[in-house]
Amino acid sequence: MVVSRKKKFVNLDFVPTISDSEDDIPDLDESDNEINQGNSAPVKNSSKSTKQKKSKTKNSQELDEDVHEDMNGDFHFNTDGDELTTKFDGWEFLGDKKEDQAKRDVDLDGIIRRKGGLIKKAHVETSDEEQEDEEDEDEKEEEEEEEEAQDKGDDDELAMDGFGMGNAKTTNEAADEEDSESEDMSADEEENDGTSELNIPGGDEKEEEEDDSEEAKANFYAPENEGDEAKKQVHNTFNTLSLSRPVLKGLAALGYSKPSPIQSAAIPIALLGKDIIAGAVTGSGKTAAFMIPIIERLLYKPAKVTSTRVIVLTPTRELAIQVSDVGKKVGKFVNGVTFGLAVGGLNLRQQEQQLKSRPDIVVATPGRFIDHIRNSASFNVDSVEILVIDEADRMLEDGFQDELNEIMSLLPSKRQTLLFSATMNSKIKQLISLSLKKPVRIMIDPPKQAAAKLVQEFVRIRKRDNLKPALLYTLIRKLDGAGQKRIVVFVARKETAHKLRIILGLLGQSVGELHGSLTQEQRLDSVNKFKSLEVPVLLCTDLASRGLDIPKIEVVINYDMPKSYEIYLHRVGRTARAGREGRSVTFVGEASQDRVIVRSAIRSVEENIGRGKALGRNVDWNQVEETNKLIEKMDTTIDEILDEEKQEKEIIRAEMELKKSENLLKHKSEIQSRPKRTWFQTETEKKNAKIFDALSKNKKTTNSKKRKRQEAMEDSSSSRSYKKTKNDRAQDQERTFKKQKAPKNDKKKVKYMKGRN
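Reading guide: rules and limits
- Residues numbered from 1 in each chain as written.
- Predicted model: local features only at pLDDT ≥ 70, side-chain atom pairs only at ≥ 80, totals over all residues.
- Heavy atoms only, no water.
- UniProt positions renumbered as here; feature names shortened; annotations may be inferred.
- Helix = DSSP H or I, 4+ residues; strand = E, 2+ residues; numbered from the N terminus.
- Buried < 20%, exposed > 50% of the residue type's maximum accessible area, 1.4 Å probe, protein only.
- Contact = heavy atoms within 4.5 Å.
- Areas by Shrake-Rupley, 256 points an atom, 1.4 Å probe, with all protein chains shown as cover.
- Pairing = 2+ DSSP bridges.
- Axes fitted to C-alpha atoms, helices over the stretch in contact; angles between N-to-C directions.
- Parallel < 35°, antiparallel > 145°, perpendicular 65-115°, else oblique.
- Left-handed = near helix turned anticlockwise from the far one by under 90°.
- Nonpolar A, V, L, I, M, F, W, Y, C, P; charged D, E, K, R; others polar.
- Phe/Tyr/Trp six-rings, centres within 6.5 Å; stacked < 30°, edge-to-face > 60°.
- Lys NZ or Arg CZ within 6 Å of the ring centre and 35° of its normal.
- Core = buried A, V, L, I, M, F, W, Y, C linked by side-chain atoms within 4.5 Å.
- Right-handed = clockwise from strand over helix to strand, strands pointing away.

Looking at an unreviewed UniProt entry, one finds the chain named ATP-dependent RNA helicase DRS1, with Henningerozyma blattae as its source organism. Checking UniProt for the chain, the heading Catalytic activity (unreviewed entry) contains the comment "ATP + H2O = ADP + phosphate + H(+)". What the UniProt record of the chain gives under Sequence similarities (unreviewed entry) is the line "Belongs to the DEAD box helicase family. DDX27/DRS1 subfamily."

What follows is the structure, encoded as structure tokens:
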């Protein structure tokens, strides 16, 4: 038997291997069967082998002489199936599995329809010349869209914004094309869109910012040459990044082959296991820059040990869902890589069951992540090897510090930490709490810079704040009369977003909302409707300003000015992604902070010639005032809609409380037997922490020189108290000992003398 087994493979040019499945054992050729027939041992599955022999004899006649007879010459990879498709229409924003009994919700659109809205767009009388100009604009836009569709193919086959790729033209070609057409574009925009040169009053002073000292940077970061060498490496394909075949197959299934600059620089360093602090402009593919090396490293995990090895923290729930979808699509062909989601607002029990299986990668928001560590018995983080913090600068600044400190205390100290953000300008003092080990700093594009093909337009409001809703409606109608463009409108407050939805609905414009007062189901429903163009306009707070990748957003409107230029960059970064063109329109008030942001935008465009434009947009205020008159007539209707909505919410809340009490009576013993959940922070504690942070920030002096002097004094005082010598401490002890041993009469004398003085 041993001799015959050795002789079986004499004539083969390769050594066949046996997989884990017995059904995958390859059949031997005729000579092998003859050898087996000579042996006394019976051959298993003889009927199966005879059928396969007949099929093989037919195929063997068609094989070339160069192809070995054990190889199937007709085999080819199937690229026509559903798995390998280059058509990509954006990330999925799906929450929990839908339960049989869907939660009842207020139908606000139904209320608006009952009040006469959402039927047709409000018509404001205009002159014949203005109507002709609008018709000419619509015709020109239709012609341009047809030409783009012919040149680029179906425009809905969008570049995957998580990768920042998929555009047929390279960045150099796009820059050349932009330079050649810049004169024509500027002329067309001034004629058709009413833009002009921007003139914002006020001084041109720059905001003074403190930077960490060179010595502090050298002690904290890895040598600069590591990051510089990584940025110099140019990879034209993912094949040169030494990635495994399943990962490359997943990338090919999504139709992408060329990595973006942040991916070319970050992936090799991440594969080495080093800590990274990375920054790049929005839409440059940061999500895939950390997800690709994570999945590549998980290929070599121990197969028999199930444990959570990667934690990805994000500031918002929608971003967490999106990051999870990026990872699933990249690792589509990698066997055994599992994902878990731990975000607020979704079904807690479903998440607990998911985390019970100990998925390899858990994408989470900080609050819910701590909740599961405390209250989900089967979930632990003892085996975590990689921690990723997406939108790291926001996580370090916007009230997440307490949660991050708690998470850092729970995670193993020996791990790889990756920080990614579009405006990564956090100070070393903030980064120290994350226990980074000589992180490599990779800043691909200059910080505080908008996308290359973004046209930034500004509208001066002056003292006409009451006309802003009418201006918004007029602008939406002018930019997208047919409702075929995706427009994101950023506002400062949730109440403003909700009221604008009612006003625009009464004027006939279908809009959606995205802010913190909505339930998670409502938020995801708004994103999905906006993504499918069922609702072309989305009213958002800064909840959606970071990281959210919705395909083909043409316009971003800043209804309210953001608090800082960094937030402004994140907002306008929702458009002009992955090498595409985009436009932002910002309503500028008379506040000095507004003018500072506008000057920063203009300065950035002037310093980076060829990277976008900054223009002033002219508005027909007479038409805006006519629209405003219509809105003023709707005041009572708006109040009626808000009252009716409030009443419906109270009815739904009462029904929920009734159902809750019924469940409590039915399942009282089961509910009482459950262990009580412990919370890291209650809602009131979170609010108090945010108020405290805001107050502490406001207490800081505005003058940077004074602030530096104060910090120097604090450092010197702390250093003096810390650097006491042994003699100083001995003298202090001796002094206190003398006081304690002093006679009572002496103490009375001292008090008497103080009283006389």
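Having seen the structure, we can now continue with the description.
## Remarks on the overall build of the chain
From N to C terminus, the chain includes 29 helices and 15 strands. Scored against the burial criterion, the 757 residues of the chain give a buried share of 42%. Counting contacts in the chain only where the partners sit at least 6 residues apart, residues at least 24 apart contribute 81% of the total. Carbon and sulfur atoms provide 48% of the accessible area of the chain, an area that totals close to 44300 Å².

## Comments concerning the sheet that holds strand 3 (residues 310–313)
Taking strand neighbours across the sheet as the criterion, the seven strands line up as 4-5-3-6-7-2-8 in an open arrangement whose pairing is parallel. At either margin of the open sheet sits one strand with a lone partner, and together these are strand 4 (339–342) and strand 8 (440–443). For this sheet, the mean angle separating the axes of adjacent strands, direction not counted, is 15°. Both strand 6 (residues 386–390) and strand 7 (residues 416–421) contribute to a ladder of five bridges, which runs parallel. Residue pairing for strand 7: aspartate 390 is matched across the bridge by phenylalanine 420. Sheet strands in contact with helix 12 (residues 317–330) are strand 3, strand 4, strand 5 (361–364) and strand 6, and its direction is about 180° off that of strand 4.

## Overview of the packing of helix 12 against helix 20 (residues 520–531)
With their axes 11 Å apart at the nearest point, helix 12 and helix 20 run at an angle of 60° to one another. Our classification of the angle between helix 12 and helix 20 gives oblique. Here helix 12 runs over helix 20; the crossing is right-handed. Here Arg317, Glu318 and Ile321 of helix 12 lie close against helix 20, whose contacting residues are Gln520, Arg523 and Leu524. Taken together, the residues of the contact of helix 12 with helix 20 break down into two nonpolar, one polar and three charged.

## Some remarks on the packing of aromatic side chains
With the rule as written, the count across this model stands at six aromatic pairs. Taking 5.1 Å as the distance between ring centres and 85° as the angle between the ring planes, the aromatic pair formed by phenylalanine 220 and tyrosine 221 counts as edge-to-face. Of the two residues, phenylalanine 220 and tyrosine 221, neither departs from the other in class, the shared state being buried. With 5.9 Å between their ring centres and 55° between their planes, tyrosine 559 and phenylalanine 587 make a pair best called tilted. Placement of the pair is tyrosine 559 in the loop between strand 13 (553–558) and helix 21 (565–572) and phenylalanine 587 in strand 14 (residues 582–588), with a sequence separation of 28 residues. Here tyrosine 559 falls in the buried class, since its relative accessible area comes to 6%. Members of the aromatic cluster, connected to one another through ring pairs, are Phe458, Tyr565 and Tyr568. Here arginine 464 stacks its cationic end above the ring of tryptophan 621, 3.8 Å away from the centre of that ring. In this structure, lysine 468 is placed above the aromatic ring of tyrosine 559, and the distance from its NZ or CZ to the ring centre is 4.6 Å.

## What to know about the nonpolar core
Of all hydrophobic cores here, the largest spans 47 residues; its most connected members are Phe290, Ile292, Ile361 and Ile442. With eight residues, helix 11 (residues 286–298) is the single largest residue contributor to this core. Once residues within four sequence positions are removed from consideration, phenylalanine 290 is found in contact with Val312, Val323, Val388, Asp390, Leu418 and Phe420. In this structure, Val106, Leu467, Val491 and Ile652 belong to the second largest nonpolar core, which totals 40 residues.

## What about the pairing of strand 13?
The element strand 13 is extensively covered by neighbouring structure, given that six of its six residues are classed as buried. Pairing geometry for strand 10 (residues 486–490) and strand 13, over five bridges, is parallel. Within strand 13, the position partnered with phenylalanine 490 by the bridge is asparagine 558. Bridging between strand 13 and strand 14 involves four bridges; their strand directions are parallel. Bridge pairing in strand 14 places valine 556 opposite serine 584. You can see the chain leave strand 13, run along helix 21 and come back into strand 14, and the turn it takes is right-handed.

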